[in-house]
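# Results of the structural survey
The residues making up each chain are set out below.
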Amino acid sequence: MSPKNASNSPLSNATVSFGEWMTPVDRFPNVSPATANHHELIPNVATIKAGGTVNFIVAGFHIINVYDDGTQPEDINTSLTVPPTAVPAPLLINDPNRRIYRGLDPSLQPRDRVEVVHFAKPGTYLVICGVFPHFVNDRMFGFVRVLP
Ligand SMILES: [Cu+2]
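Heads up: these notes are all about the structure in this document. Computed from a predicted structure; not experimentally measured. Residue positions are given per chain, counting from 1 as you read along its sequence in written order. The predicted nature of this model means local features are confined to residues of pLDDT at least 70 and side-chain atom pairs, given and counted, to a pLDDT of 80 or more, with totals for whole chains, interfaces and linings taken over all residues.

All right, on to the overall build of the chain then. Across its full length, the chain holds one helix and 11 strands. Listing every helix and strand of the chain by position from the N terminus yields β-β-β-β-β-β-β-β-β-β-α-β. The dimensions of the chain, computed from C-alpha atoms along their principal axes, are 50 × 35 × 25 Å. For every residue, the other C-beta atoms within 10 Å of its own C-beta are counted; 20 or more classify it as buried, 12 or fewer as exposed, and values in between as partly exposed. C-beta atoms are placed from the backbone. When the 148 residues of the chain are sorted by exposure, 29% land in the buried category. When contacts within the chain are restricted to residue pairs at least 6 apart in sequence, those whose partners lie at least 24 apart make up 71%. Segments assigned H or I by DSSP are reported as helices when at least four residues long, segments assigned E as strands when at least two residues long, and all are numbered from the N terminus. Whether two residues are in contact depends on their C-beta atoms, placed from the backbone: they are in contact if these lie within 7 Å.

What follows covers the sheet that holds strand 9 (residues 112–119). Here the rule is simple: two strands pair whenever DSSP picks up at least two bridges between them. Taking strand neighbours across the sheet as the criterion, the four strands line up as 2-1-4-9 in an open arrangement whose pairing is mixed. Both outer strands of the open sheet, strand 2 (37–42) and strand 9, are each paired with one neighbouring strand and no more. Averaged over all pairs of adjacent strands, the angle between strand axes in this sheet comes to 15°, irrespective of strand direction. The sheet contact formed by strand 1 (residues 13–21) and strand 2 spans four bridges and is antiparallel. Note on strand 2: the bridge partner recorded for W21 is N37. Fitted lines through C-alpha atoms serve as axes, helices being fitted only where they are in contact, and the angles separating the N-to-C directions of these axes extend from 0 to 180 degrees.

Nonpolar core, as used here: buried Ala, Val, Leu, Ile, Met, Phe, Trp, Tyr and Cys residues forming one set through C-beta atoms within 7 Å. Grouped together as the largest cluster of nonpolar side chains are 29 residues, with contacts concentrated most on Y125, V127, I128, F141 and V144. Put simply, the parts of the chain that give this core at least two residues each are strand 1, strand 3 (45–49), strand 4 (52–59), strand 5 (64–67), strand 7 (92–93), strand 10 (123–129) and strand 11 (141–147). The biggest single contributor to this core is strand 10, with five residues. With residues near it in sequence (within four places) discarded, V144 still touches A46, I48, V54, F119, Y125 and V127.

The quantities given are spatial measurements derived from coordinates; they are silent on function.
Listed below in structure tokens is the structure:
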């Protein structure tokens, strides 16, 4: 069986921590305190090869939005929003221009989950958290660099 695309390359995938639980914190038995969540993508720039994937490990109340090659944070129209399905929760940024992936509505999800995103073409892709105050106030974004 021959490997396809980047599936056997060392850069076939990367893991990005999409929000992090601070320490010390006690989450037992099922507690996710918003004040104990760090709003950052780590690493801030992930590198893979075309045809590879990024495993976004989401910790906290976050929504993944991926924008096409070359999009910058300033290009995002933050006046376009959508309310989360389950309220009360902060508004979610909903700028569809050049958006190639929008993740699950966090208001319907547990506070810890994984979303796996495939990148077919080379480029530099902006990844933002669409939770309004996370992106606007905390600048919660990063990039995926996809090599040929
Ligand atoms: Cu967030």
